[in-house]
Amino acid sequence: MHKRRLIQFALAGLAGLTIHPLAAAAAGQAADEDLPLLVAGMDAAYPPFGFKDSKTGEFVGFDVDIIRAIGRTAGFSVKVENIPFDGLIPALKTRTIDIAINDIGITAERAKSVDFSDRYYIAGMGIVVAKGYQGIQSAKDLEGKRLAVTIGSTGEIAAKRIPHAQVRVFNTLSDCFLELINNGVDAVLNDIPTNDYYAVTAGAGKVDSLSISLAAEDLGIAVKKGRKDLLEKINKGLASLKASGEFTAIYKKWFGREPSPELLR
C-alpha cells in the first residue's frame, strides 16, 4: 500500500442553437461578446478537474480548460456555473445550464436522461484512507467497511454493490474527506485523479490515496437530451483539439503526463 504521487470544451451553424436566458443575461461576462455564450455547469470541488482558485476566485481545472477550448474552436463562449453534482442533470433538463462537465462517468442510466459527448477522459475509481490505515489492502477488504461517497456519483453506485458495506452519502467530496479525517468512515470512494490531488494538497499528511483501481470508466460532456446541434459542435471541437495537440497540452498541464493513445483516438 502506498500513496500514489500526483504526476500532474464556426460561428456559422450556431444560428440554430438556442442560448439559455441565463447566458444571455450574462453576456457582459463573455470572454468575447461577439460569440454566443453558453452556460457550463460543474461542481467546483473536484480538483484537478474543476475548482475555484483561492487567490483569484476564478474557476480553474482540466474540465474548465477543456470546455473553454472547445468553445473557442466551435465558436461559442463559456460561462462556468458552480452547481452541486447531483443537480447537474436536473439543471440540464430545465435548461438552467447548457452543458455539464464535471468528471461525469458515461453510464447507461445517465444516458437515459442526457446525451453524452465522445469521451474526453478515462478515469478509474479509487480509494482514500486515513494516513497509515492498514485495514484495506485490496478491493475485497472494502466488504463490511464504512464508506463515504458523493450523492449521484459512480462511487455511490460502486459502494452500494460491495457486500455488507456501510455506505454514507454526502453532498460534497469535501464532506467525504472531512468525515474520513474525523474517523467517521474507513474510506472514501472517488475518482483517482481527484483522490491523488487531494492527498498531496489539502490532505497531505492526513490521508493516503491507495494504488487500487476498482474500475475504469469514460468521462463525457453532457447536454440536454435531443440537443444534437450542440452535441455535434462539442464533439467536433473536441476532435479538433485532439488533432491540433491542444488537448494533449491541457492534459499535460493538469496531469503531468501525455494522454494515452486510446484517449486520443
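See above for the structure.
Attention here is on the structure that accompanies the text. (Residues numbered from 1 in each chain as written. Predicted model: local features only at pLDDT ≥ 70, side-chain atom pairs only at ≥ 80, totals over all residues. Heavy atoms only, no water.)

**Points about the overall build of the protein**
Within the protein, the secondary structure is distributed over 9 helices and 14 strands. Buried positions account for 52% of the 265 residues belonging to the protein. For the protein, the accessible area works out to roughly 11,700 Å², and carbon and sulfur atoms hold 52% of it. (Helix = DSSP H or I, 4+ residues; strand = E, 2+ residues; numbered from the N terminus. Buried < 20%, exposed > 50% of the residue type's maximum accessible area, 1.4 Å probe, protein only. Areas by Shrake-Rupley, 256 points an atom, 1.4 Å probe, with all protein chains shown as cover.)

**What to know about the side chain of Asp103**
Turning to its location among the elements, Asp103 is positioned in the loop between strand E6 (99-100) and strand E7 (114-116). An unpaired buried charge is present at Asp103: no salt bridge exists, and Arg110, the closest side chain of opposite charge, is 7.9 Å distant. Residue contacts for Asp103: discarding those within four places in its chain leaves Tyr46, Phe49, Asp63, Phe85, Tyr120, Asp191, Thr194 and Leu219. (Lys, Arg positive; Asp, Glu negative; His and termini not counted. Salt bridge = Lys/Arg side-chain N within 4 Å of Asp/Glu carboxyl O. Contact = heavy atoms within 4.5 Å.)

**Quick notes on the sheet that holds strand E5 (residues 77-82)**
Taken in spatial order, the 5 strands of this open sheet run E5-E1-E6-E14-E7, and their pairing is mixed. Whereas interior strands pair on both sides, the edge strands pair on one side only; in this sheet they are E5 and E7. Where E6 lies against strand E14 (residues 222-224), 2 bridges are found, and the strand directions are antiparallel. Across the sheet, residue Ile99 finds its bridge partner in E14, namely Val223. Relative to E14, helix H7 (residues 228-244) is tilted by about 160 degrees, and along the sheet it contacts strand E1 (37-42), E6, E7 and E14. (Pairing = 2+ DSSP bridges. Axes fitted to C-alpha atoms, helices over the stretch in contact; angles between N-to-C directions.)

**Side note on the environment of Ile66**
Mapped onto the secondary structure, Ile66 falls in helix H2 (residues 62-74). On the basis of relative accessibility, which here comes to 0%, the residue Ile66 falls in the buried class. Spatially, the C-alpha atom of Ile66 lies 9.2 Å from that of Glu246, the residues being 180 residues apart in sequence.

**Overview of the pattern of salt bridges**
In this structure the tally under the stated criterion is 15 salt bridges. Here Asp115 and Lys225 are joined by a salt bridge, their closest N and O atoms 2.9 Å apart. With Asp115 in strand E7 and Lys225 in the loop between E14 and H7, the pair connects residues that are 110 residues apart, well separated along the chain. Across the pair Arg146 and Asp186 runs a salt bridge whose closest N-O atoms are separated by 3.0 Å. Note that Arg146 is positioned in strand E9 (residues 146-150) and Asp186 in the loop between helix H5 (173-181) and strand E11 (187-191), a separation of 40 residues in sequence.

**Topic: the packing of aromatic side chains**
Scanning the entire structure with this criterion turns up 16 aromatic pairs. With centroids separated by 5.7 Å and ring planes inclined at 45 degrees, the aromatic side chains of Phe51 and Tyr197 adopt a geometry described as tilted. In this pair, Phe51 is assigned in strand E3 (residues 50-52) and Tyr197 in helix H6 (residues 192-200), connecting sequence segments 146 residues apart. When its relative accessible area of 14% is taken as the criterion, Phe51 is described as buried. An angle of 15 degrees between the planes, with centres 6.0 Å apart, marks the rings of Phe62 and Tyr120 as stacked. Residue Phe62 is located in helix H2, and its partner Tyr120 is located in the loop between E7 and strand E8 (121-130); the two are separated by 58 residues in the primary sequence. Pair check on accessibility: Phe62 and Tyr120 agree, each one buried. (Phe/Tyr/Trp six-rings, centres within 6.5 Å; stacked < 30°, edge-to-face > 60°.)

Shape descriptors only; they carry no functional weight alone.
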